[in-house]
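Observations on chain architecture
In case you want the letters, here they are:
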Amino acid sequence: MAPVFALEPLSNAVIGLAGAVILLAVFLILQRSVSELRRRRTSRREPLLTKLLYDALQSSPVCPEPLLRLDRGDRKLLRSILLRLALDLRGETGEAISELYRVLGFLERDLAGLGSRCASTRAHAAADLGLTRSPEAIPGLLKAMNDGDVRVRQTAVWAVGQVDDPSILNGLVRLLGDRNRLVAQRAQEVLAERGREVADAIVAYAETTSSRSGRLAAIELIGWLRLTPGADLLLEFMGDLDPEVRVKSVKAAAAIGDPRFLESFSTGLGDSSWAVRCQAAKGLSLYGSPDTVPGLTRALRDRHWWVRFYAATALAEAGSFGAEALQEALQDPEPPVRDMARYLLERAQLVPALP
Amino acid sequence: MTRSMLEVILGWYTGFMLIFFFAINSYYLVLTIAGFWRTIRVFKEVRRPDQRRLLRSPLTPPVSVLAPAFNEEANVVENVRSLLMLDYPLFEVILVNDGSSDDTLGRLVDAFDLRRSARTFDPALASKPIRAIYESPSYPGLVVVDKVNGGKADALNAGLNLSLYPIFCAIDADSILESDALLRLVRPFVDSPGVTIAAGGVVRVANGCDVRSGQVRRVHLPRRSLPLVQIVEYLRAFLFGRMGWSTGNSLLVISGAFGLFEKRAAILAGGYATDSVGEDMELVVRMHRYRREARQPYRIGFVPDPICWTEVPENLRVLRRQRTRWQRGLIDTLLRHRAMIARPRYGTVGMMSLPGFLMFEMISPLVELSGYLLLPVLWMLGLINASIAVAFLTLAILYMILISALAVLLEDIVFRRYPRILDLGRLLIGAVLENFGYRQLTVWWRVRAFWEYWRGDLSWGVMERRGMGARAG
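Attention in this report is confined to the structure presented alongside it. (Residues numbered from 1 in each chain as written. Chains lettered and ligands numbered in written order. Predicted model: local features only at pLDDT ≥ 70, side-chain atom pairs only at ≥ 80, totals over all residues. Heavy atoms only, no water.)

Concerning the overall build of chain A
Inclusion rule: We count a stretch as a helix when DSSP gives it H or I for four or more residues in a row; a strand needs E for two or more, and each element gets its number in order from the N terminus. To get the radius of gyration, use the C-alpha atoms; to get the globule rule, take the number of residues to the power 0.38 and multiply by 2.2 Å. Exposure classes here rest on a 1.4 Å probe applied to the protein chains alone. A residue is buried below 20% of its type maximum, exposed above 50%, and partly exposed in between. By definition in these notes, contact holds between two residues if any of their heavy atoms fall within 4.5 Å. Residues scored as positive are Lys and Arg, those scored as negative are Asp and Glu, and His as well as the terminal groups of each chain are ignored. The atom standing in for a charge is NZ when the residue is Lys, CZ when it is Arg, CG when it is Asp and CD when it is Glu.
Along chain A, the regular secondary structure elements total 20 helices and 0 strands. For 355 residues, the compact-globule estimate of 2.2 N^0.38 gives 20 Å, and chain A exceeds it by more than 25% at 30 Å. Viewed in the frame of its principal axes, chain A has a C-alpha envelope of about 85 × 80 × 50 Å. Buried positions account for 51% of the 355 residues belonging to chain A. A sequence separation of at least 24 residues applies to 61% of the contacts in chain A between residues at least 6 apart. Charged side chains in chain A number 45 positive and 43 negative. The centres of these two groups are separated by 8 Å.

Next up, the structure:
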């Protein structure tokens with residue numbers, strides 16, 4: 001049989017591979033040693049730099065003189081300390097951090113980073129600008145919200161939301177219907193924290209937008225933020241043809257708990273979508289009213305477990321009338337109804353726990 | 001058979017082996033490059049504010065943590081405590097006592113002031129009868145289910161029925177999650193809600209670590225070589241294998257010790273298969289199949305940074321049981337879903353990962369073992385030059401060492417869980433040691449698994465644990 005391999009190329013391959021393994025091992029040890037040295041330097045310099053930083057922040061106006069004389073390594077470390085502090089501190093100290101960040105030239109560097117060719121650099125620059133909450137960064141960040149790279153866009157949306165300027169939040173409301181889901185979600189997250197400042201814009205957007213996903217996101221925000229100006233709109237949406245719009249609207253309405261919703265919730269118990277029936281039962285639990293009992297008692301026999309669960313929960317919270325209905329359900333011929341009633345009564349400590 | 005015929009047959013087989021050798025090494029190379037690239041990329045994307053954002057975001061979905069337990073009385077209380085301390089906005093812990101014969105349930109009842117509950121549930125998946133459900137007034141997020149023994153898959157199905165939230169996390173009751181592991185792992189679900197149906201996380205070896213109060217306090221390497229070698233193996237498997245496959249949405253395995261799933265997607269796919277010993281892989285493949293057949297967009301992701309710590313076998317007997325079980329699970333899953341293999345309808349899963357697993361995970365031990373047996377025969381028959389054979393073996397070993405060393409490098413650049421420089425040296429030694437004895441043993445066990453599978457062996461075997469509360473050496 002002819003040999004498939006000659007020895008020489010095989011030996012060369014072995015030597016080459018052995019060399020690669022040795023080089024890799026040496027590189028591994030070297031890179032660890034270098035980063036260990038860096039770590040030690042960091043732990044040595046950090047307390048000193050933090051002290052200098054605090055001194056600079058506490059002086060009014062911010063006095064960066066000693067910090068301007070630092071070498072490159074210390075400046076890098078200083079920047080990371082500032083960003084860490086910016087993450088936790090707001091108010092006057094936050095403003096002082098932002099000012100110091102600008103004076104030390106880091107802001108300018110980040111703004112330049114927004115124009116980088118590398119998407120990752122642009123995204124990191126946007127994130128850092130968001131942390132510092134500097135108003136000077138707004139034009140650059142607004143531009144970055146239209147970046148071609150989705151990571152940059154979503155980071156810019158988040159960063160814009162960090163700056164204390166309500167006027168730009170209106171721009172974020174429009175992004176709720178963005179074609180890119182990640183960008184839309186980020187806008188929704190920012191508005192979930194600060195959306196009260198632009199409540200009217202959110203309600204108006206929910207009413208007028210042609211984007212289905214945007215409308216759904218706005219309805220969710222109305223519920224999360226309990227925006228009472230959106231109550232009328234929710235009442236209207238609870239009769240929408242789209243079951244998802246109905247579900248989100250009923251859920252949002254249940255979060256707001258306006259007395260006007262009572263009738264719609266009762267109607268919702270008969271909806272064709274189990275998710276709507278579920279949320280309607282959940283909504284009715286807010287009222288604790290005897291008027292809700294007949295509908296909820298019927299819902300206790302729903303074929304869907306979750307509807308039965310929320311109906312029973314609502315009954316347990318509906319005072320003595322609800323408890324009575326649950327007690328009666330203990331005699332129901334259907335085991336799932338009996339079991340659910342027993343569980344909720346037990347949770348409300350109205351029947352003794354199982355032995 | 002004449003000698004010349006034998007020579008021809010052996011010649012052909014040697015040719016096949018060489019082709020296989022290049023194919024498997026190319027396979028590893030591609031996975032290594034893909035895993036390296038993706039891990040670095042994900043690592044660069046994740047920043048500190050991101051964790052906070054997820055903690056506060058109303059879009060972060062609530063999670064049910066399902067932990068099946070069988071005879072875990074030694075660690076169960078500590079482990080449940082550590083689960084209850086996870087940093088996550090809204091979650092529940094459902095521990096399923098799968099008919100333990102020890103005092104697992106009693107310890108839980110005492111430690112958490114558990115009371116019998118009349119809690120009902122939607123029996124979407126079949127499971128063995130539930131004897132009782134316990135809840136605690138002091139720990140509202142904890143539910144303990146006591147059921148008749150039915151195996152891990154059955155216990156997970158029972159837990160799934162009881163879970164209230166849309167996402168569930170399947171873990172082993174003896175595993176330890178880092179406090180923010182869930183928050184990191186949920187990222188794909190937040191980024192692509194409704195599209196992400198499952199996500200896996202990295203599992204690390206806890207042997208040797210300082211574990212107290214259900215948390216890994218300090219990371220150390222074990223003194224024994226067997227767990228040390230497994231650390232290198234786990235690094236390679238998770239950082240390259242799983243990360244690599246996740247690149248093309250073709251990940252087939254999410255470890256049973258730590259995975260996050262969309263509940264609806266898992267139930268629609270039929271839940272965990274109770275007649276499989278590789279229930280974790282089987283579910284993932286079935287979820288792929290269901291979605292591809294329904295032509296629904298989906299994503300199964302893998303996140304390299306969340307960390308779950310688990311104890312690995314410290315003796316050969318237990319290791320053998322574990323490895324034969326894994327191989328039986330692999331064979332079982334691939335045979336069950338053989339209709340997907342090489343079918344374009346199943347996309348990258350059907351055309352790449354399943355054939356890859358078939359060739360290089362399932363069949364490769366048979367080829368490798370035949371290679372070990374064939375070399376001396378070829379040499380004795382004078383059909384191969386001894387120097388070439390040795391050079392060839394050395395090449396194969398060096399290649400594996402190189403890939404393991406790359407895994408150690410990636411770990412060190414991105415995670416650096418092993419703090420001492422000496423640890424790096426020991427990990428590299430582990431990468432070398434693995435090729436002398438350990439690898440051949442695991443190959444032999446994996447070949448034996450074919451025989452066990454043929455006999456219909458569905459046993460799990462018992463994992464003997466030293467207990468993570470004590471320093472394992």
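Quick word on the interface of chain A and chain B
Cut-off, in case you're wondering: Buried area: the sum, over both parts, of the accessible surface (1.4 Å probe) that disappears when the two are put together. For this analysis, a salt bridge means a side-chain nitrogen from Lys or Arg found within 4 Å of a carboxyl oxygen belonging to Asp or Glu. Under this definition, polar contacts are N or O atom pairs within 3.5 Å; protein pairs additionally need one hydrogen-donor-capable and one acceptor-capable atom, and for neighbouring residues in sequence, both atoms have to be side-chain atoms.
The partner chain B presents 53 residues to the 50 residues of chain A that form the contact. Between chain A and chain B the total buried area reaches about 4900 Å² when both faces are included, carbon and sulfur atoms providing 67% of it. For the pair chain A and chain B, the interface holds 1 salt bridge. Across the pair Asp412 of chain B and Arg32 of chain A runs a salt bridge, and its minimum N-O distance is 2.5 Å. There are 12 residue pairs in polar contact (both at pLDDT 80 or more) connecting chain A and chain B. Of all the secondary-structure elements, those providing two or more residues to the side of chain A that touches chain B are helix 1 (7–58), helix 3 (72–88), helix 6 (119–132), helix 8 (150–162), helix 10 (181–194), helix 18 (305–316) and helix 20 (335–347) of chain A.

With respect to the side chain of Thr32 of chain B
Residue and element names in this part refer to chain B. Relative to the elements of secondary structure, Thr32 occurs in helix 1 (residues 3–45). Under the relative-accessibility criterion, Thr32 is labelled buried at 5%. For Thr32, the contacting residues outside a window of four places in its chain are Phe240, Ile403 and Leu406.

Notes on the nonpolar core
We apply this condition: Joining through side-chain atoms within 4.5 Å is the link that ties buried Ala, Val, Leu, Ile, Met, Phe, Trp, Tyr and Cys residues into a set, and such a set is a nonpolar core.
Judged by nonpolar contacts, the single largest core of 143 residues is most densely connected at Val65, Leu95, Phe258, Leu260, Phe261, Met287 and Phe357 of chain B. Looking at this core, the element that brings in the most residues is helix 13 (residues 386–414) of chain B, giving 15 residues. Not counting chain neighbours up to four residues away, the residues in contact with Met287 of chain B comprise Ile197, Ala198, Phe261, Glu262, Ala265, Ala266 and Ala269 of chain B. With 109 residues, the next largest nonpolar core counts Leu114, Leu131, Val173 and Ile256 of chain A among its residues.

Concerning the packing of helix 8 (residues 225–246) of chain B against helix 13 of chain B
Residue and element names in this part refer to chain B. The criterion, for reference: Here an axis means a line fitted to C-alpha atoms, over the contact stretch when the element is a helix, while the angle between two N-to-C directions is reported on a 0 to 180 degree scale. Angular relationships are summarised with four words: roughly parallel below 35 degrees, roughly antiparallel beyond 145, roughly perpendicular across 65 to 115, and oblique for the angles in between. In this classification, Asp, Glu, Lys and Arg are treated as charged, Ala, Val, Leu, Ile, Met, Phe, Trp, Tyr, Cys and Pro as nonpolar, and every other residue, Gly included, as polar.
Contact geometry of helix 8 with helix 13 gives a least axis separation of 9 Å together with a crossing angle of 75°. Considered as vectors, helix 8 and helix 13 are oriented roughly perpendicular to each other. Each of Val232, Leu235, Arg236, Leu239 and Phe240 in helix 8 lies in contact with helix 13, whose residues at this interface are Met400, Ile403, Ser404, Leu406, Ala407, Val408, Leu410 and Glu411. Tallied by class, residues from the contact of helix 8 with helix 13 come to 10 nonpolar, 1 polar and 2 charged.

Let's talk about the pairing of strand 10 (residues 215–218) of chain B
A regular strand places its side chains on the two faces of the sheet in alternate fashion. To be explicit about the condition: Two strands make a pair as long as DSSP finds a minimum of two bridges between them.
In the sheet, strand 9 (residues 210–212) of chain B pairs with strand 10 of chain B via 3 bridges, with the strands oriented antiparallel. By the bridge assignment for strand 10 of chain B, Arg212 of chain B is matched with Gln215 of chain B.

Observations concerning the pattern of salt bridges
Taken as a whole, this structure holds 52 salt bridges over all chains when the rule is applied. With a shortest N-O distance of 2.8 Å, Glu233 of chain B and Arg323 of chain B are connected by a salt bridge. With Glu233 of chain B in helix 8 and Arg323 of chain B in helix 11 (residues 316–336), this residue pair connects regions lying 90 residues apart in the sequence. Across the pair, exposure class does not vary: Glu233 of chain B and Arg323 of chain B are buried alike. Linking Arg236 of chain B and Glu434 of chain B is a salt bridge whose minimum nitrogen-to-oxygen distance equals 2.8 Å. Of this pair, Arg236 of chain B sits in helix 8 while Glu434 of chain B sits in helix 14 (residues 421–454), placing them 198 residues apart in sequence. Owing to a relative accessible area of 5%, Glu434 of chain B belongs among the buried residues under this scheme. In the salt-bridge network here, residues are joined through shared partners; they are Arg41, Arg45, Asp71 and Asp74 of chain A.

Re helix 8 of chain B
Residues and elements named next belong to chain B. Here is the rule we go by: By this rule, a helix spans an expected 1.5 Å times one less than how many residues it contains. Bend at a given residue is defined as the angle between two axes, one fitted to the seven residues that end at that position and one fitted to the seven that begin there.
With 22 residues, helix 8 extends 30 Å between its outermost C-alpha atoms, agreeing within 8% with the 32 Å of an ideal straight helix rising 1.5 Å per residue. For helix 8, the principal kink sits at Ala237 and spans about 30°. Most of helix 8 is tucked away, with 20 of its 22 residues classed as buried.

Remarks on the state of the cysteines
All names here are of chain B. Our working rule: By convention in this document, the label disulfide applies to cysteine sulfur atom pairs within 2.5 Å.
Applying the stated rule across the entire model yields 0 disulfides over all chains. Cysteine Cys169 shares no disulfide, and the gap to the nearest cysteine sulfur, in Cys308, comes to 8.1 Å. A residue is classified by how much of its surface remains accessible, and Cys169, at 0% relative accessible area, is buried.

Observations regarding a nonpolar patch on the surface
Stated formally: To count toward a patch, a residue needs a relative accessible area above 30% and no salt bridge. Like charges then connect within 9 Å, nonpolar side chains (Val, Leu, Ile, Met, Phe, Trp, Tyr) within 5 Å. Each accessible area is a Shrake-Rupley estimate made with a 1.4 Å probe; only the visible protein chains count as cover when residues are assessed.
On the surface, Ile22, Val26 and Leu30 of chain A cluster together into a nonpolar patch covering about 280 Å² of accessible area. Mapping Ile22 of chain A onto the fold places it in helix 1.

None of this, on its own, says anything about what the molecule does.
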